[in-house]
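Survey of secondary and tertiary structure
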Amino acid sequence: MEAVGPNPFLFVSAVLFVCGVVCMTTKRNGIGVLMGVELVLNGASLNFVTFSKFTPLGLDGQVFSLFVIVLAAAEAAVALAIALNFYNNHLTIDVDRGDELHG
Amino acid sequence: MNDIGSLVVRLLDETTKTSVGLFAPELVLSGTIVLMLAFRVLPGLNRIPTQWVALLGAFGSFALALCQFDRLVTGEIPPTSFFTGMLMFDQLGTFFRMFLSLFLILTITLTVLTGIPDRDDAADFYTLLIGSTIGMMIMASANHLLMMFMGVEMTSVPSYAMVGFLKGRKKSSEAALKYVVYGAGAAGVMLYGISLLAGLTGTGSMPDMAQRLGMIVSQNAGIGDATVRTILLAGLMVLVGLAFKLSIFPFHFWCPDAFEGAAAEVAGFLSVASKAGAFALLVRFGLSFTSTSAAVSEVGFSFGIGLGVLAAATATFGNLSAYGQTNIKRMLAYSTIAHAGYMLMAVSALLVLAHGKQVGLDTQGEARRCIEGLIYYLFVYLFMNLGAFAIVSLIRNQIFSEEIEDYNGLATQCPVLCFGMLLCVFSLVGLPPMGGFWAKLVIFSAVFKATAVHWVMWGVLGAGAINTVFSLFYYIRILKAMYIKSRPAGARSVRYDLFPGGVFVLLICLPILGLGILPQGFTDKFHNIADALLTQIGR
Amino acid sequence: MSVETMLFWLFAILTCGGAVSVAVSQNVVRMAFSLVLCLGSTAVMFLLLGADFVGATQLMVYVGGTVVLLVFGVMLTATGPFTKIKSSGADAILSGLIGVIFLFIISTTVTAVDWGDISQKVAIGTHQKTAARGFNPEQQGNTTRPLGLSFLSVRADRDLNLSRNVPSVEKPVEDAPKLSSGYLLPFEIVSIHLLVVLVGASYLARAKRRVATNQ
Amino acid sequence: MDTLLAANSLAEFLQTQTIPICGCPIDATTAMVLAAIMHVALVGAWFGLPAGLFIWAERKISGRIQDRLGPTRTGGRFGWLQSLADGAKLIQKEDLVPADADGLMFRLAPYIVVVASFAAYMVLPFSDGWSALGLDVGLFLTFAILSLEVLGVILAGYSSGSKWALFGAIRESAQMVSYEIPMAICALCPIITAGTLNLTEVGQLQSGGFWNWNILHPFNFFAFFVYFTCATASCKRAPFDLAEAESELVAGFLTEYSGMRWSFFFLAEYASMFLVSGLATVLFLGGWDDGFGILSVVKANAGSFVGNALGLVIFMKKASLLVCVQIWVRWTLPRLRIDQVMTTCLKYLIPISCVLFAGTVAYPLILVKVSGNTSILGGPSGDRVVQPHQPMSQADTVPNKPTQMTAATAERSGR
């Protein structure tokens, strides 16, 4: 009947973080990379909420995660607009196809 | 009156009487954004050119920041944290706010001269520009981990959009996509680090964090302790985010692409302004690790050594890659990376010197010199780099090219712009009597002092010196093209030179010379800033 | 096993499963769906952690907003061959290996920390509230009111005892101890950020306007 | 989770019983699980029953509006069982998946839509305290869950592998996402008046007489109509049913669906119609309150259970009336064009709702300045029957009176 401690939650958030990083590094689709970023941010936000329950961080943790959610939404909006713009110019969203810039 | 009532009264008092006033420069900029957008919508008012509104706002912000800085220096207002500890009002922060609003004025003027946003898009462009500047200002005075992250985000997100501002161009959209993808990733990693730090210390406030890091690590805990390792991991993750903003070695790859794809004005803005904000933040964050606790100081020290190695690598890499470039914006981007390396040496020396007390050296005064050198370098860098980018964009408007070989023989057609480029380049290399010389000198001397604490700093110093010599070779290529090669027949000629572009460039170049010939007044000012910062955190 | 523990493991598995399938999936639309699963289960984890408001925000803003945006992006850009991305086997193994090593590093550092001990060390010197008040106890996840107040900088969960004239041993020198961090400034400044971002995104997404058409 | 108010009481009741087969007492976990299952079944019944009923009502009402009879034969004189018969028919139909479709997504999409509108019932109070979850974030959570519905729609449209479906889904999602904004802002107006997001508390504050109902508040009065318009649109009901505009898009995102999956979308539509109407009832129309104080008399004389049951009937009546209004509107007004739909939302409804929101915020402040009270009637609106629902477990050093710690009181005392 013991309650779940902080460590299982932290482990889940570590899984989120790692999956996000792997996703960011392996995906060639621009939007796929953005999904990886969302996973990483989500892992961080789960960390904050976990700490808000189990450490003296208290309510601050929840405030942090609220701001993270809002900022992530803003970032996603701009990223998506840029991705669409890229698509309009290149007719693909494959990051590797962008090869105008090199040297 | 009950508890919550008196709490509200106290908060209301503090917010309206102190905090809002201290936040005035940012508030003016925020108001400018709203005004610009309102002017565009309202009938009748939409005839007012947006850039004048933006310029007015930037001037207002600069004036307010100047006033505040003045009052801080004279001691009329004591340094304090405001908005219940969210931001810090001190000489360092206020100097950077002043610096950034000055830079905003210069950038807006430049865009007016080169006409990069057309009439329709002006409001959008200046909104992004000012929004990004507000983010940097917040970054420079952040006193709380949340404000630190918000500052980074508020700086980055509008700048992603700015890089992609020329939206019809393939290069521009590609640059923006690369920038946003890497940038968002770095921000995510940074946030994860912040979450670990906040969880460990149970607070978001950075001074509290510094104090509590000592509390949670027992005196003799080494790297084997899980807590110390977590602190190290978290610190590294935060540094990844900052290193990305600063384009430090393994995280620099976005920089050349983003700069080449973006308009030269935007590239100039990003190269200086985002560095200024990020370095201020890095200094504050780094100082959190210079605790009196031996274990935490050890962590800070290892960060210092690590940053030193990275700084040497960054400078070397930047200079080596710049050598083969044919596009001038790309070359300047690599040179930006190299300069970030030099400036990072100052931070590295700061962290190493701060550890000096632990090994029995009195390095108090030398730590101050690091911050002084960093500020001096940034201040010179503002003018020399903006100058270079301004000349690139002015010439681009005439010859429609940014390749170095198209600059051949330009000196005969536009002597003023080319002379400006000469000054900027000499300063970028670090030749006397330019400002860049003194800047490098102060930083290198600080690194030299740091060699007493650890031998690795000798390597850093050596790398810095060799790089300075090496950088001469590729910078000189620009001058060679301009002054020695002859203009090919049939090449597009440059029609106007002196007015207004030339005047602007000369105005920017004046401080470069001034800072080089009369450095004393400035170094004293910057020394005071460093002094105030270190006294304030009690080191 | 209590209900809470069961719920935790159920949703932990869903969260991790969603995350892993985002990372390994080759189809962008499937990835988006896995992301929904992952983020939605995280919202439930927030509820389990007693952060109801954050959980609801996660559902509303993240799942109902950000992911919808991403799915829109997928729909607008996914044409023919690019919907499915094949990466080579060696790549997949390498990145999987890196992922496992990374996970090992993080889990051995972060979860090896004795959080209870650290909390005790840090808790010295933090001010605590004198009494939790409100309609429903905060411990059960009803943090809406304290959160709302903290956005106004009123830290009812921390600072309530500051104004009371309790003789305090720790802080005899300062007559007015500092207030805990309230979040009025970020709450207000984020609106400027959102405005700027909105302008930027709409500029990038809209077609270039025709000049000189208004007579 | 201790917030499962009703479930808790049921679980406590079950713990006093024994399992009939083996005769041993029920332990806490099993009791909790049993209680949860019973509640799910109950809420599920509320989800299915109104849907069936309203489909019948829609046919009948539309028939009458168009001067027809509507269903007359199945199940007696009024065609009562028509929906049931249709359901039986749809279950028997073959489950078709188009060749071009993304099979997994195509099959999943209806469930997402159904789960989203079903889960939102969790926090809806059917009577005083009769809700599955008594959360402090009640209304916010409802909107959060409702906002998931759009995902199902997008997936349905995308995975169908058909142009009609994709067009329909894009239109539909644009419309749903846009109308969420004014809808949420308008729903916040009564929330501000009440000072809580907990729907049960909002209902309790309006009890005691119709003069306490939020709709009589000057700004909430207008907010109600804006809310109702947006709610109609977010349920993709005519005149906003552009996604399914037969003349242009065959059937929108539903084009490729048939049989049971198709009917799931309809179940979800009618369920969310009832849900938004129920929300409107709680937020604006006094919830389960009868308006003349009869309920309190009944409660005093026949016990709270009977009173609550009566409240439930009243609540259902009010909500059903609103659903009928939606049906009435659908068969009366012509369909708008898609640009008109978006213009209505972005150019008119959002500014109007913002003004109403600001007005609601300013109203009590102005009243305080003018008359010294936050309400025209003198006291705070409704009976402040809300109490801390559980005494604090830790004994505090300071004896505390039950202070209501809302932003409003904080402000008042701060002055």
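Conventions used here
- Residues numbered from 1 in each chain as written.
- Chains lettered and ligands numbered in written order.
- Predicted model: local features only at pLDDT ≥ 70, side-chain atom pairs only at ≥ 80, totals over all residues.
- Heavy atoms only, no water.
- Helix = DSSP H or I, 4+ residues; strand = E, 2+ residues; numbered from the N terminus.
- Buried < 20%, exposed > 50% of the residue type's maximum accessible area, 1.4 Å probe, protein only.
- Areas by Shrake-Rupley, 256 points an atom, 1.4 Å probe, with all protein chains shown as cover.
- Core = buried A, V, L, I, M, F, W, Y, C linked by side-chain atoms within 4.5 Å.
- Domains from an automatic or database assignment.
- Contact = heavy atoms within 4.5 Å.
- Buried area = accessible area lost by both parts, 1.4 Å probe.
- Salt bridge = Lys/Arg side-chain N within 4 Å of Asp/Glu carboxyl O.
- Polar contact = N/O pair within 3.5 Å; in protein donor to acceptor, adjacent residues only side chain to side chain.
- Nonpolar A, V, L, I, M, F, W, Y, C, P; charged D, E, K, R; others polar.
- 1 Å grid on protein atoms, 1.4 Å probe; cavity = no way out; pocket = protein on both sides within 12 Å on 5 of 7 lines; lining within 4 Å.
- Points joined across faces, edges and corners; volume = space filled by probe spheres on them.
- Patch = residues over 30% accessible without salt bridge, like charges linked within 9 Å, V, L, I, M, F, W, Y side chains within 5 Å.

1. Thoughts on the overall build of chain D
Within chain D, the secondary structure is distributed over 14 helices and zero strands. Going residue by residue from the N terminus, the α and β elements of chain D occur as α-α-α-α-α-α-α-α-α-α-α-α-α-α. A buried classification covers 50% of the 415 residues belonging to chain D. For chain D, the accessible area works out to roughly 18,900 Å², and carbon and sulfur atoms hold 69% of it.

2. Brief notes about helix 5 (residues 138–146) of chain D
Counted residue by residue, helix 5 of chain D has nine buried out of nine residues, so it is predominantly covered. By the burial criterion, the buried members of helix 5 of chain D are D:Gly138, D:Leu139, D:Phe140, D:Leu141, D:Thr142, D:Phe143, D:Ala144, D:Ile145 and D:Leu146.

3. Digging into the nonpolar core
Membership of the largest hydrophobic core comes to 412 residues, with the highest contact counts inside it found for A:Met35, B:Phe95, B:Phe99, B:Met148 and D:Tyr227. Element by element, the count of residues in this core is highest for helix 14 (residues 364–399) of chain B, at 23 residues. No fewer than three residues from each of domain 1 (1–79) and domain 2 (113–166 + 176–208) of chain C sit in this core. Residues within four places of D:Tyr227 in sequence aside, it is in contact with D:Phe143, D:Met183, D:Cys186, D:Ala187, D:Val276, D:Leu279, D:Ala280 and D:Phe284.

4. Examining the interface of chain A and chain C
Taken together, the 69 residues of chain A in the interface contact 75 residues of chain C. Across the chain A/chain C interface, buried area totals approximately 6,300 Å², and carbon plus sulfur atoms make up 79% of it. Summed over the shared surface of chain A and chain C, the number is zero salt bridges. Inspection of the chain A/chain C interface yields nine residue pairs in polar contact (both at pLDDT 80 or more). Of all the secondary structure elements, the ones that give two or more residues to the side of chain A that touches chain C are helix 1 (6–26), helix 2 (30–54) and helix 3 (59–90) of chain A. Looking at the side of chain A that touches chain C, the element that brings in the most residues is helix 3 of chain A, giving 23 residues. Its residues assigned to classes, the side of chain A that touches chain C shows 49 nonpolar, 13 polar and seven charged.

5. Points about the environment of B:Leu55
Residues and elements named next belong to chain B. Position of Leu55 among the secondary structure elements: in helix 3 (residues 50–74). Sequence spacing of Leu55 and Val112 is 57 residues, and the spatial spacing of their C-alpha atoms is 9.8 Å. Leave out the neighbours within four places in its chain, and Leu55 touches Ile105, Ile108 and Thr109.

6. Remarks on empty space enclosed by the protein
Residue and element names in this part refer to chain D. Taken as a whole and assessed by the stated rule, the structure comprises nine cavities of 30 Å³ or more. In this structure, the largest cavity encloses a volume near 120 Å³. Forming the walls of the largest cavity are Phe143, Leu146, Ser147, Glu149, Val150, Met176, Glu180, Met183, Ser234, Cys235, Ser272 and Val276. Counted by class, the lining of the largest cavity contains seven nonpolar, three polar and two charged residues.

7. Quick notes on a nonpolar patch on the surface
Residues and elements named next belong to chain B. A cluster of nonpolar residues, Phe419, Tyr483, Ile484, Leu498, Phe499, Val503, Leu506 and Leu507, forms a patch on the protein surface that exposes about 820 Å² of accessible area. Elements represented by at least two residues in the nonpolar patch include exactly helix 17 (456–484) and helix 18 (498–517). Considering every element that reaches the nonpolar patch, the biggest residue donor is helix 18, with five residues.

8. Observations concerning unusual backbone geometry
For the peptide bond that leads from B:Pro432 to B:Pro433, omega is 5°, which places it in the cis range. Counting through the fold element by element, B:Pro433 comes out in the loop between helix 15 (415–429) and helix 16 (435–450). A positive phi is found at B:Thr84, a non-glycine position, where the angle reads about 45°. Inspection of the secondary structure puts B:Thr84 in the loop between strand 1 (80–82) and strand 2 (87–89). On the basis of relative accessible area, B:Thr84 is assigned to the buried category, the value being 8%. A positive phi angle is found at D:Asp67, which is not glycine, with a value near 65°. Position of D:Asp67 among the secondary structure elements: in the loop between helix 2 (28–65) and helix 3 (82–92). Looking at D:Asp67, the relative accessible area reads 73%, which means it is exposed.

9. Some thoughts on the side chain of D:Asn214
Residues and elements named next belong to chain D. Along the polypeptide, Asn214 turns up in the loop between helix 8 (199–205) and helix 9 (218–234). On the basis of relative accessibility, which here comes to 5%, the residue Asn214 falls in the buried class. For Asn214, the side chain forms a polar contact with the main-chain oxygen of Leu283, separated by 2.8 Å. What Asn214 contacts, discounting residues up to four positions off in sequence, is Pro190, Thr193, Val202, Gln206, Asn220, Leu283 and Phe284.

10. Notes on the pattern of salt bridges
Tallied over the entire structure, the rule returns 18 salt bridges over all chains. A salt bridge links B:Asp124 to C:Arg206; the shortest N-O distance between them is 2.8 Å. Of the two residues, B:Asp124 sits in helix 5 (residues 122–140) while C:Arg206 sits in the segment after helix 7 (184–205), which places them in two different chains. Using a relative accessible area of 3% as the deciding quantity, one classes B:Asp124 as buried. Its relative accessible area of 26% is what places C:Arg206 among the partly exposed residues. Here B:Glu174 ties to B:Lys178 by a salt bridge, and the two come within 3.2 Å at their closest N and O atoms.

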